[in-house]
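# Coordinate analysis (summary)
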Protein chains: 2
Amino acid sequence: MTLSTILTRIDTDLDNALDRLMELLRIPSISTDPAYKADCARAADWLVEDLKSIGFDAASRPTPGHPMVVAHGGEGGTHVLFYGHYDVQPVDPLNLWNRDPFDPAIEETDKGKVIRARGASDDKGQLMTFIEACRAYVAETGKLPCKITIFLEGEEESGSPSLVPFMEANAKDLTADVALICDTDLFDANTPAITTMLRGLLGEELVITGPSKDLHSGSYGGPAINPIRVLSNIIANLHDDTGRITVPDFYDGVPELSDELRSQWEALGFDDKAFLADVGLSTPAGEAGKTVLEQIWARPTAEVNGITGGYTGDGFKTVLPSVAKAKISFRLVGTQDPLKIRDNFRQRVRDQLPPDCSVEFHDHGAGPASVMATTNPAFAAARAALTDEWPNPAAFTGSGGSIPVAGYFKTILDMDSMLIGFAMEDDSIHSPNEKYDLRSFHKGIRSWARILDALSN
Amino acid sequence: MTLSTILTRIDTDLDNALDRLMELLRIPSISTDPAYKADCARAADWLVEDLKSIGFDAASRPTPGHPMVVAHGGEGGTHVLFYGHYDVQPVDPLNLWNRDPFDPAIEETDKGKVIRARGASDDKGQLMTFIEACRAYVAETGKLPCKITIFLEGEEESGSPSLVPFMEANAKDLTADVALICDTDLFDANTPAITTMLRGLLGEELVITGPSKDLHSGSYGGPAINPIRVLSNIIANLHDDTGRITVPDFYDGVPELSDELRSQWEALGFDDKAFLADVGLSTPAGEAGKTVLEQIWARPTAEVNGITGGYTGDGFKTVLPSVAKAKISFRLVGTQDPLKIRDNFRQRVRDQLPPDCSVEFHDHGAGPASVMATTNPAFAAARAALTDEWPNPAAFTGSGGSIPVAGYFKTILDMDSMLIGFAMEDDSIHSPNEKYDLRSFHKGIRSWARILDALSN
């Protein structure tokens, strides 16, 4: 039995695989809206039945919210835990959709055929790529290629309230050699990616108080300290002239990019200009001497996400406010310690306060970066398998944002995660007219077949 | 006929003067609420009749809003224009009043007797001090002490929409040698003041745009410029380390305080500590080497009155916003040119913009400072007269805020104004339980009698 027969079966069975995906897409499993609670349960049940039909020992497991689907099957090789989510985003504003979001269809577009429906890309289409690869294996060989645990969540689009408690309560049932997460993008249409570096996040809110009440700026401006000016100074001092962050010891634990990753990333030919032009910009800001990709994937940053103080309505009021506030987030990499950075940041703010000013801090989370141990041979195997399927070699990439489930797999289950997905940036996930390229679906199934083949040995 | 007989008459007639004030206070002339339109007209008519009763040629003059009262009388001496306003602030929240705001009464307090009613201080009590002084003159001498024009507005508490057009249309009828404005405070309970320096005001709103839309700070933070950070830098750079404003040529036209005024102000014994402690502060901020009084009365300042950008609601969103905004006001002194400063400020902001950022400015007014020509002998005469009446010598003072009518008297009628008032800071004008000290009323009438006596020669 060779991989090529399995790939051939995937090609010839594609229409049936699409029919199955369409069935799942017809279930409006909007997790955030209680009106769709029964539909979420129905989507979980549909998946349980489908997994049972290909030999998994599958069950819908209750939580205080929507159920989890947990399935076990196969033996030998690398034990993988596959994670996806069957819930979808709400569909409003409905009038911006060109069709019923839960009446999926294949549509022809300038860029080829797409599957149009809510959840087509995020995440039903993506999770079915893995199940279809399993199905092809079972159909051709009578069994799964290796030991596989499947873990499908129904609350990803509503904050995953049950995820951590469920993982903690079922750690033994979920732990494997490596996790596979299918909820990310291709690097570009021809280049697959395994995300191996996820930045951490520290969220801080500052509330600076000067005078005990709002004052008239004509009567008090000058002698009375203005908290907006104090806050502006603190923000202005957060970076030095080279774009580096001035919090003491901030760069402890920030690794230099390895030559290996640097050359992989250079080979990606990332188009800085197009990336910036897309949002109306032309000149990279940020840390001097670092490429755009390096800044987003491998460097820590500090951003002000919100600021407010004084009178912000129409017209003008000559108020000298008592209070000014800002929300500031730090993205963290390597082994940067979010709690130490929080302490140092807060101390640095306090050190800059002029007389008569006080500051309150509100904590909005502090999570470290996840850096996968790519020395785990599963990473090299998956990378080679993806490279075989796609026009360009696969790359180990970073992610600017945070993907909490990968962090939980590490901290709760002590597993590295391979984040491999086939979505495109233009899939309009969370927006009207969501789609998944037929090519993503087809080559996604083939990609998983190749990866599972590589991990079966 | 000596001044002392007139002062004696004022003392003996005080109860009758109070009765007249009470009558006026019973008219609920709330100018901003259309429900009280007839009451405003009634207050104007009451004043016309009262002025006629003491020999003025008085009339209620229509405007598109509430009427103006204009009265002429007397001859010789210095021709004065007296300004006050007969309209009052709304009274809500009514439940915080200890009595009906339009049922005035004399109340005993820890600090002495007060007249309690809406408008008692602002401005019916104050304007009646002048009319009662005129009445005492007429009663004792059969005529007014000098040429007097009286100009009473009924829209001061609702933005004075008719004031400028009326002044322009009736310039000849209103012009005098000097204006007297009775709508300000004593410096303190024992120290009268003539406000001779009113700061100007330049209001500017900045809207800074970076990316063309709000971005995810994880995906774009660093390479994409953040307009909140740009704005914070601009605000941080608005002052240097000594608290001076860095707009080019900003201090052109800022006079040094004269030795004469400096020693007058030092003699006032202004309590910096108490002034700041009242609003929860202990350390004077602002321009190095300048006293608190000098900063507020005689130095230009720049304050941020409002700032907003990004996510400002509850919780946290990792947005990198497209836009950040601030409202900034400059208080101007001497001959500072607001239009030149506006140009220089805007250019300085543009000079600090990084690539890909743009700025829009919104104009919120630009008025120069008013500095009275205290060489006009009326000023020295009034100061001496006030000094005779009160325990402490009168001072020429400044005002941190702006009093637009004084500016209009200068620009439209080419008259300097003497702002002389007897209100106390604790009069609760614009608030529940407004009061006017009986002492303010009584010594206010006596003060005007002395001033008119001085100006009659």
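Residues numbered from 1 in each chain as written. Chains lettered and ligands numbered in written order. Predicted model: local features only at pLDDT ≥ 70, side-chain atom pairs only at ≥ 80, totals over all residues.

### Remarks on the overall build of chain A
Along chain A, the regular secondary structure elements total 15 helices and 18 strands. Relative to the 2.2 N^0.38 estimate, which gives 23 Å for 457 residues, the radius of gyration of chain A is 25 Å and therefore close to what a compact globule would have. The principal-axis extent of the C-alpha atoms belonging to chain A is close to 85 × 50 × 50 Å. Looking at chain A as a whole, 52% of its 457 residues are labelled buried. In chain A, once contacts between residues fewer than 6 apart in sequence are set aside, the share between residues at least 24 apart is 78%. (Helix = DSSP H or I, 4+ residues; strand = E, 2+ residues; numbered from the N terminus. Rg over C-alpha atoms; globule rule 2.2 N^0.38 Å. Buried ≥ 20, exposed ≤ 12 C-beta atoms within 10 Å, placed from the backbone. Contact = placed C-beta atoms within 7 Å.)

### Describing the pairing of strand β5 (residues 112-116) of chain A
Side-chain direction in a regular strand flips from residue to residue, so the side chains alternate between the two faces of the sheet. All names here are of chain A. Pairing geometry for strand β4 (residues 105-109) and β5, over 5 bridges, is antiparallel. Each bridged residue has a counterpart across the sheet, and for glutamate 108 the counterpart in β5 is lysine 113. Linking two consecutive strands that pair antiparallel, namely β4 and β5, is a turn of 2 residues. By the bridge criterion, 3 bridges tie β5 to strand β18 (residues 435-437) in an arrangement that is antiparallel. Residue pairing for β18: arginine 116 is matched across the bridge by lysine 435. (Pairing = 2+ DSSP bridges.)

### Points about the domain arrangement of chain A
According to the domain assignment, chain A consists of domain 1 (3-198 + 370-455) and domain 2 (200-254 + 300-367). Distance from the C-alpha centre of domain 1 of chain A to the C-alpha centre of domain 2 of chain A: 40 Å. (Domains from an automatic or database assignment.)

### Section: the relation of the copies chain A and chain B
Each of the two chain copies can be generated from the other by rotation about an axis followed by a shift along it. Expressed as a screw operation, the relation of chain A to chain B combines 0.2 Å of axial shift with a rotation of 180°, fitting to an RMSD of 0.2 Å. What the superposition gives is, in effect, a two-fold axis relating one chain to the other. Comparing contact sets, 100% of the residues at the interface of chain A also lie at the interface in chain B, consistent with an isologous, same-surface contact. (Least-squares fit on C-alpha atoms with pLDDT ≥ 70 in both.)

### Description of unusual backbone geometry
All names here are of chain A. Here the bond from aspartate 122 into aspartate 123 is cis, since omega is 10°, no more than 30 degrees from zero. The topology assignment puts aspartate 123 in the loop between β5 and α4 (124-141). Its identity is not glycine, yet serine 160 carries a phi of approximately 50°, on the positive side. Note that serine 160 resides in the loop between β6 (148-153) and α5 (163-169).

### Section: the packing of helix α1 (residues 3-12) of chain A against α4(A)
The angle between the axes and the distance between the axes are what describe a pair of packed helices. All names here are of chain A. Look at α1 against α4: their axes get within 9 Å of each other, and the N-to-C directions meet at 120°. Considering the relative orientation of α1 and α4, their crossing is right-handed. In this structure, α1 contributes Thr5, Ile6, Arg9 and Ile10 to the contact, and α4 contributes Glu132, Ala136, Tyr137, Ala139 and Glu140. Grouping the amino acids of the contact of α1 with α4 by side-chain chemistry returns 5 nonpolar, 1 polar and 3 charged. (Axes fitted to C-alpha atoms, helices over the stretch in contact; angles between N-to-C directions. Left-handed = near helix turned anticlockwise from the far one by under 90°. Nonpolar A, V, L, I, M, F, W, Y, C, P; charged D, E, K, R; others polar.)

### Looking at the confidence of the model for chain A
Across chain A, the average pLDDT comes to 95, with 100% of residues at 70 or higher. Here the complex is predicted with pTM 0.87, and the ipTM for its interfaces comes to 0.87. (pLDDT = per-residue confidence, 0-100.)

### Quick word on the sheet that holds strand β13 (residues 323-332) of chain A
The strand order β14(A)-β9(A)-β13(A)-β11(A)-β11(B)-β13(B)-β9(B)-β14(B) describes an open sheet built from 8 strands, whose pairing is antiparallel. Either end of the sheet is taken by a strand with one partner, and the two such strands are β14 (358-367) of chain A together with β14 (358-367) of chain B. Sheet twist, expressed as the mean angle between neighbouring strand axes with direction ignored, is 20°. Where helix α8 (residues 227-236) of chain B meets the sheet, it contacts β11 (301-310) of chain A together with β9 (200-209), β11 (301-310) and β13 (323-332) of chain B, and its direction lies at approximately 15° from that of β13(B).

### Comments concerning the interface of chain A and chain B
At the junction of the two partners, chain A supplies 64 residues and chain B supplies 64 residues. Among the elements of the structure, β10 (215-216), α7 (217-220), α8 (227-236), α11 (292-298), β11, β12 (319-320) and β13 of chain A are those that each provide at least two residues to the side of chain A that touches chain B. With 9 residues, β11(A) is the largest single contributor of residues to the side of chain A that touches chain B. Tallied by class, the residues present in the side of chain A that touches chain B amount to 25 nonpolar, 29 polar and 10 charged. As judged from the 5 bridges shared by β11(A) and β11(B), these two strands associate in the antiparallel manner. Note that in β11(B) the partner of Ile307(A) across the bridge is Gly309(B).

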